[in-house]
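Chain by chain, the residues run as shown.
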Amino acid sequence: MNEYQKAIEKIKNFYTTKLNDTNAYEKIFEILSDIIAFGNGEIYFQNGDTYTPVFVYKKTDICYHQYKITEELCSNSVAYGKIQLTRNVPFKKDEILVFKTCTSIIANLIKEMEMNSILKTQLKMLEKGIKNKNDQYLKIVKEEKAKNQFISNVSHELRSPLNSIIGFTELLHSQFVGKLNSKQLEYINDIRIAGLHLLNMVNEILDMSKIESGAVKLNISKFNLYLNIKEILNILEPLYTQKLLNITLKIDETFEITADYQKVQQILINLLSNAIKFTPKNGNIQLKASKTSKYNIISIKDDGCGIEKKYHKKIFNKFEQIAETTNSTGLGLTIVKELIEIHNGKIYLKSELDKGSEFIIKLPKV
């Protein structure tokens, strides 16, 4: 077993090492340093078009290193930050591949810690209000506490094995530890896609928990909507090319809006993913943007199966699904609606059965 195959064995330390709010980032870099040799490391969170450093790990006192490797931290296919390693000798191809696998795991660990932190805050707020309250209130508090504890436990129990499944299937698919035949590659990719799907469901529960607790804060900035959407299309390209869908953009390349970059990207990824899912092979999807005196208007229109009018409001409710074959939490459109309303915006649906759907977003100009 060569040096880097041995390093792969150490990746499991991400799952066995206990992380908490005070030592998490330091522990992450300590585990990384046992896998990949580097001088210093940094974690940044994205705020619009800029990145803010949240943790710097220094193994040396040298401030400048000539070589660096950087990977995005992503949740639900949306980048929320990046992690970077630097040193004075070039990084090898194997090291870059291992780092990519580690980053995928680290991104999910950070989101798990974020969820646990939110739930702890909720529990403290609930416990604070217990004094001098009647028995009915105490019962509600107890039930809410049990619910939040359940979400926390389920999230942790699901995320740990899912992180491991996704990380190691990506490693196998890259054929870093040995060549695979075409059928083996197909099966590994199926496992990876299923793991990512399950992880996205867990992340939806996290997002809903954040929204309900009032923990979602907007990072408002001015950005180019056209470039934002092009980035989304790059992320989702494997999905719509597989179905031979025709994607049309009717958006000026200089179209700018002032909003939360990541939240808008999350909204559009959810809506576009649904359009891809419910549009038949060789179908059409159109993305359009326009302005009025008060609003920026974005629409996503498809020629898919459509939605009966009686379901138009129901689909935005929590855990509601109108298709029995839809394998999801039923939270996707609820989260979309909530994120739009946090922007003081609105979402509308125009659709008829077998005549496609159009989701229209109105975000007030800032």
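Our structure's up above, just so we're on the same page.
Enquirer: Describe helix α3 (residues 24-33), and please don't skip the residues or the numbers.
Expert: Within α3, the full set of buried residues consists of Ala24, Ile28, Phe29, Ile31 and Leu32. Along α3, the residues classed as buried sweep out an arc of 160° about the axis, all on the same side.

Enquirer: Before we move on, can you summarise the pattern of salt bridges with the specific residues and values?
Expert: A full pass over the atoms with the stated rule returns six salt bridges. Residues Glu95 and Arg87 are paired through a salt bridge, measuring 2.7 Å at the closest nitrogen-oxygen approach. Residue classification places Glu95 among the buried positions, given a relative accessible area of 3%. Classification of Arg87 as buried rests on a relative accessible area of 9%. Measuring nitrogen to oxygen at the nearest pair gives 3.3 Å for the salt bridge that ties Lys183 to Glu186. One end of the pair is Lys183 and the other is Glu186, both in helix α6 (residues 182-212) and three residues apart, which spans about a single turn. Residue class for Lys183 comes out partly exposed when judged on its relative accessible area of 40%. Taking relative accessible area as the criterion, Glu186 reaches 38% and is therefore assigned partly exposed.

Enquirer: I'd like a description of the sheet that holds strand β2 (residues 50-58), backed by residues and values.
Expert: In spatial order, the strands read β2-β1-β4-β3; together these four strands make up an open sheet with antiparallel pairing. Lying at the two open borders of the sheet, with one neighbouring strand each, are β2 and β3 (67-75). In this sheet, adjacent strand axes meet at a mean angle of 20° when their direction is disregarded. The sheet contact formed by strand β1 (residues 40-47) and strand β4 (residues 78-87) spans six bridges and is antiparallel. Residue pairing for β4: Ile43 is matched across the bridge by Ile83. Contacting β1, β2 and β4, α3 runs over the sheet at an angle of about 65° to β2.

Enquirer: Any chance you could break down the packing of helix α7 (residues 225-242) against helix α8 (residues 261-278) for me, citing the residues and the numbers?
Expert: α8 packs onto α7 with a crossing angle of 40° between their chain directions and a minimal axis gap of 10 Å. Overall, the two elements α7 and α8 adopt an arrangement that is oblique. Taken as a pair, α7 and α8 cross one another with a handedness that is right-handed. Taking contact as the criterion, the partners of Leu225, Asn228, Ile229, Glu231, Ile232, Leu233, Ile235, Leu236, Leu239 and Tyr240 in α7 are, on α8, Tyr261, Val264, Gln265, Leu268, Ile269, Leu272, Ser273 and Ile276. Here the contact of α7 with α8 is built from residues that sort into 14 nonpolar, three polar and one charged.

Enquirer: Explain the packing of α8 against helix α9 (residues 332-342) residue by residue, including any values.
Expert: At a minimum axis separation of 10 Å, α8 and α9 run at an interaxial angle of 145°. For the element pair α8 and α9, the recorded crossing hand is left-handed. On α9, the residues touching Lys263, Gln266, Ile267, Asn270, Leu271 and Asn274 of α8 are Gly332, Leu333, Ile335, Val336, Leu339 and Ile340. In terms of residue class, the contact of α8 with α9 is built from seven nonpolar, four polar and one charged.

Enquirer: Account for the sheet that holds strand β8 (residues 284-291), with residues named and values stated.
Expert: In space, the five strands of this open sheet follow the order β6-β8-β9-β11-β10, with mixed pairing throughout. In the strand order of this sheet, the two ends are held by β6 (246-250) and β10 (346-351), each with one partner. Strand-to-strand twist across the sheet, computed as the mean angle between neighbouring axes with direction ignored, equals 15°. Inspection of the sheet shows β8 paired to strand β9 (residues 295-302) by seven bridges, in the antiparallel sense. When the bridges of β9 are listed, Lys288 appears paired with Ser299. Lying over the sheet, α7 contacts β6, β8 and β9, oriented at roughly 175° with respect to β6. On top of the sheet, α9 reaches β10 and β11 (357-364); it is set at about 135° to β10, its chief contact.

Cut-off values and rules
- Residues numbered from 1 in each chain as written.
- Predicted model: local features only at pLDDT ≥ 70, side-chain atom pairs only at ≥ 80, totals over all residues.
- Heavy atoms only, no water.
- Buried < 20%, exposed > 50% of the residue type's maximum accessible area, 1.4 Å probe, protein only.
- Helix = DSSP H or I, 4+ residues; strand = E, 2+ residues; numbered from the N terminus.
- Arc of directions from axis to C-beta.
- Salt bridge = Lys/Arg side-chain N within 4 Å of Asp/Glu carboxyl O.
- Pairing = 2+ DSSP bridges.
- Axes fitted to C-alpha atoms, helices over the stretch in contact; angles between N-to-C directions.
- Contact = heavy atoms within 4.5 Å.
- Parallel < 35°, antiparallel > 145°, perpendicular 65-115°, else oblique.
- Left-handed = near helix turned anticlockwise from the far one by under 90°.
- Nonpolar A, V, L, I, M, F, W, Y, C, P; charged D, E, K, R; others polar.

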